[in-house]
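Residue-level structure breakdown
What follows is each chain in one-letter form.
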Amino acid sequence: MTYEEVLKNARTCSGPYCKACPVCNGRACGNQMPGPGAKGSGDVAIRNYEAWQKIRINMDTICENKDADTTFDFFGRKLSVPVMAGPVGAVQLHYGDKFDDVAYNDILVPAAAEAGILAFTGDGTNPKVVEAAAASIKANGGVGIPTIKPWDLKTMEEKFALVKDADPLAIAMDVDAAGLPFLQGLTPPAGSKTKEELADVIKAAGKPFIVKGIMTVRGALAAKEAGAKGIVVSNHGGRVQDQTPSTAEVLEQIKDAVGDSMMVLVDGGIRSGLDVFKALALGADAVLIARPYVTAVYGGGAEGVRLLTEKLQKELASTMKMCGVHSLSEISRDCLFKPQSQYVRF
């Protein structure tokens, strides 16, 4: 099977909304929700993708001719490439009946581990989703990151108890999921967290904690002060709020604010190894990619996950060599072409 065949297969089974486009750029699905689209105008998913395309790199081949090392250390686990599959929930609703969340994670988690990366798993109103994700992560030696929605503390503690037995490398919370409709109006309330509430959540997790959904310097510093070991610069693929900046536009200033004090991850419109390179040059330690891994699972199962990961790794390695760098630590902002005072202009 080739990656093109994976896309072709996915078009036959990914439901009425996702088109399994050659490039997942947010245009075909627009604001289609249910479906993989973005909220409101659908502008944010498109902006996420296009922002990476506006960044240019500095090609430099006056350097030693040797292979590029794309390996990345994630909380003690060596990954083949600084890429992780992002958390996705309600796949049946958004992508079609071929898989439910349990079946999806049962394919994705071991396939990601076999491909040399790892998967963030999703959460939902059905507790079996987290239970099954934890079981899959445990069966694969803890190689996976359960991502819990921002419920009330008691509910989160119950979910943490389920996932701790899996001994994952870390636990995450997508705090930006506060904007999802099913979290509205609950008793006790779910959603946004104060810095003090976040500190209680992190203490209850008892594992290195990653806060996903950071889009401001203020939010990044609050997560750091609350005890988070990592953040994901993310606008939830544009699915929770219209008219936000792209993640590429805010990544640099957030990295400058937190420095090397915590792991900085980023998602949103990253679709190639070249995009991964640009994200690392702007300061990210690694990236999350969600929608394309859904397409990979729907179109090729475990083999689809392998093919997508290999594609990203080869594209990243090729870009590194053509830019004169041979390890991730050598990638810096000097690798980016900066015509004026900003990398991204609209």
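Here the structure is a predicted model, which is why all the values come from computation and not from measurement.

Where helix H6 (residues 153-164) contacts helix H7 (residues 195-205), the two axes come as close as 9 Å, and the packing angle between them is 25°. Our classification of the angle between H6 and H7 gives roughly parallel. For the pair H6 and H7, the crossing hand works out as right-handed. Two secondary-structure elements touch here, H6 through Leu153, Met156, Glu157, Phe160 and Lys164 and H7 through Asp200, Val201, Ala204 and Ala205.

What follows is about the side chain of Thr121. Among the secondary structure elements, Thr121 is positioned in strand S5 (residues 120-121). Ignoring any residue separated from it by four or fewer positions in sequence, one finds Thr121 in contact with Pro87, Asn105, Val109, Ala133, Ile137, Ile145, Pro146 and Thr147.

For the structure shown, the criterion picks out 16 salt bridges. With its nearest N and O atoms 2.8 Å apart, the salt bridge here joins Asp165 to Lys138. With Asp165 in the loop between H6 and strand S7 (171-174) and Lys138 in helix H5 (residues 127-139), this residue pair connects regions lying 27 residues apart in the sequence. Taking relative accessible area as the criterion, Lys138 reaches 45% and is therefore assigned partly exposed. The partner of Lys154 in a salt bridge is Glu158, with the nearest N and O atoms 2.8 Å apart. Residue Lys154 and its partner Glu158 are both found in helix H6; the two are separated by four residues, about one turn of the helix. The exposure class of Glu158 is partly exposed, given its relative accessible area of 43%. Because the salt bridges share partners, they merge into one network encompassing Glu252, Asp256 and Arg333.

Looking now at the sheet that holds strand S11 (residues 286-289). Strands pair in a sheet through their backbones, by hydrogen bonds, and they do so in one of two ways: parallel or antiparallel. Here eight strands make up an open sheet; going across it, the order is S4-S11-S10-S9-S8-S7-S6-S5 and the pairing parallel. Single-partner strands in this sheet number two, and they are strand S4 (83-85) and S5. Pairing of S7 with strand S8 (residues 209-214) involves four bridges; the strand directions are parallel. Looking at the pairing, Ile171 lines up with Phe209 of S8. Strand contacts of H6: strand S6 (145-148), S7 and S8, with the helix running at about 165° to S6, the strand carrying the most contacts. Sheet strands in contact with H7 are S7 and S8, and its direction is about 140° off that of S8.

Looking at the element boundaries, Leu308 is found in helix H11 (residues 291-322). Taking the C-alpha atoms as reference points, Leu308 and Val297, 11 residues apart in sequence, are found 9.8 Å from one another. Every residue in contact with Leu308, bar those within four places of it in the chain, is listed here: Tyr3, Pro292, Tyr293 and Ala296.

This part takes up the pairing of strand S10 (residues 263-266). Burial along S10 is two-sided: Met263 and Leu265 facing one way and Val264 and Val266 facing the other are all buried. Pairing of strand S9 (residues 230-233) with S10 involves four bridges; the strand directions are parallel. In the strand pairing of S10, Ile231 is matched with Val264. Read as a crossover between parallel neighbours, the route from S9 over helix H9 (residues 247-258) to S10 is right-handed. Since S10 and S11 lie parallel, the crossover through helix H10 (residues 273-281) that links them has a hand, and here it is right-handed.

In this section: the packing of aromatic side chains. As enumerated under the stated definition, the model contains five aromatic pairs in all. With 6.2 Å between their ring centres and 40° between their planes, Tyr95 and Tyr298 make a pair best called tilted. One end of the pair, Tyr95, is in helix H3 (residues 91-95); the other, Tyr298, is in helix H11, and 203 residues separate them in sequence. Across this residue pair, the class does not change: Tyr95 and Tyr298 are buried. Seen from their ring centres, Phe160 and Phe209 are 6.3 Å apart, and the 85° between their planes marks the pair as edge-to-face. Note that Phe160 is positioned in helix H6 and Phe209 in strand S8, a separation of 49 residues in sequence. The two residues Phe160 and Phe209 agree in class, both being buried. Site record: aromatic cluster; members linked through ring pairs are Tyr95, Phe99 and Tyr298.

Attention now goes to the packing of helix H1 (residues 3-10) against H11. In contact at an axis separation of 9 Å, H1 and H11 are set at 155° when each is read in the N-to-C sense. Comparing the axis directions of H1 and H11 gives the class roughly antiparallel. The two elements H1 and H11 meet at a crossing, and its hand is left-handed. Side by side, H1 and H11 meet where Tyr3, Val6, Leu7, Asn9 and Ala10 of the first sit next to Thr295, Ala296, Tyr298, Gly299, Gly300, Gly304, Leu307, Leu308 and Lys311 of the second. When its residues are assigned to classes, the contact of H1 with H11 shows eight nonpolar, five polar and one charged.

A few words on the pairing of S6. Consecutive side chains of a regular strand alternate in pointing toward one face of the sheet and then the other. Alternating positions in S6 separate into two faces, Ile145 and Thr147 on one and Pro146 and Ile148 on the other, with burial throughout. With two bridges connecting them, S5 and S6 associate as parallel partners. Of the residues in S6, the one forming a bridge with Thr121 is Pro146. Between S5 and its parallel partner S6, the chain crosses via H5, and the hand of that crossover is right-handed. Bridge count for S6 against S7 is two bridges, and the pairing is parallel.

Analysis parameters
- Numbers given to residues run from 1 along each chain, matching the order in which its sequence is written.
- Reporting of local features is limited, given that this is a predicted model, to residues whose pLDDT is at least 70; pairs of side-chain atoms are given and counted only at 80 or more, and all residues count toward the totals for whole chains, interfaces and linings.
- Based on all heavy atoms of the structure, the side-chain values leave hydrogens and waters out of the count.
- The convention used is that axes are lines fitted to C-alpha atoms, helices contributing only their stretch in contact, and that angles between N-to-C directions extend from 0 to 180 degrees.
- Numbering of helices and strands runs from the N terminus; a helix is a DSSP stretch of H or I covering at least four residues, while a strand is a stretch of E covering at least two.
- Each angle gets one of four labels, with under 35 degrees taken as roughly parallel, over 145 as roughly antiparallel, 65 to 115 as roughly perpendicular, and the rest as oblique.
- Take the far helix as your reference; a near helix turned counterclockwise from it by less than a right angle gives a left-handed crossing, and one turned clockwise gives a right-handed crossing.
- When checking whether two residues touch, look at their non-hydrogen atoms; a contact exists if any pair is within 4.5 Å.
- By definition here, a salt bridge exists when the distance from a side-chain nitrogen of Lys or Arg to a carboxyl oxygen of Asp or Glu is within 4 Å.
- Categorising residues by exposure relies on relative accessible area from a 1.4 Å probe, with only protein chains included: less than 20% of the type maximum marks a residue as buried, more than 50% marks it as exposed, and the intermediate range marks it as partly exposed.
- By this definition, two strands are paired if DSSP reports at least two bridges between them.
- A clockwise path from the first strand over the helix to the second, with the strands pointing away from the viewer, defines a right-handed crossover.
- Between the rings of Phe, Tyr and Trp (Trp by its six-membered ring), a pair exists once the centres lie within 6.5 Å; its type follows the angle of the planes, with under 30 degrees stacked, over 60 edge-to-face, and the other angles tilted.
- Polar here means any residue outside two lists: the nonpolar Ala, Val, Leu, Ile, Met, Phe, Trp, Tyr, Cys and Pro, and the charged Asp, Glu, Lys and Arg; Gly therefore counts as polar.

That is the geometry; function is a separate question.
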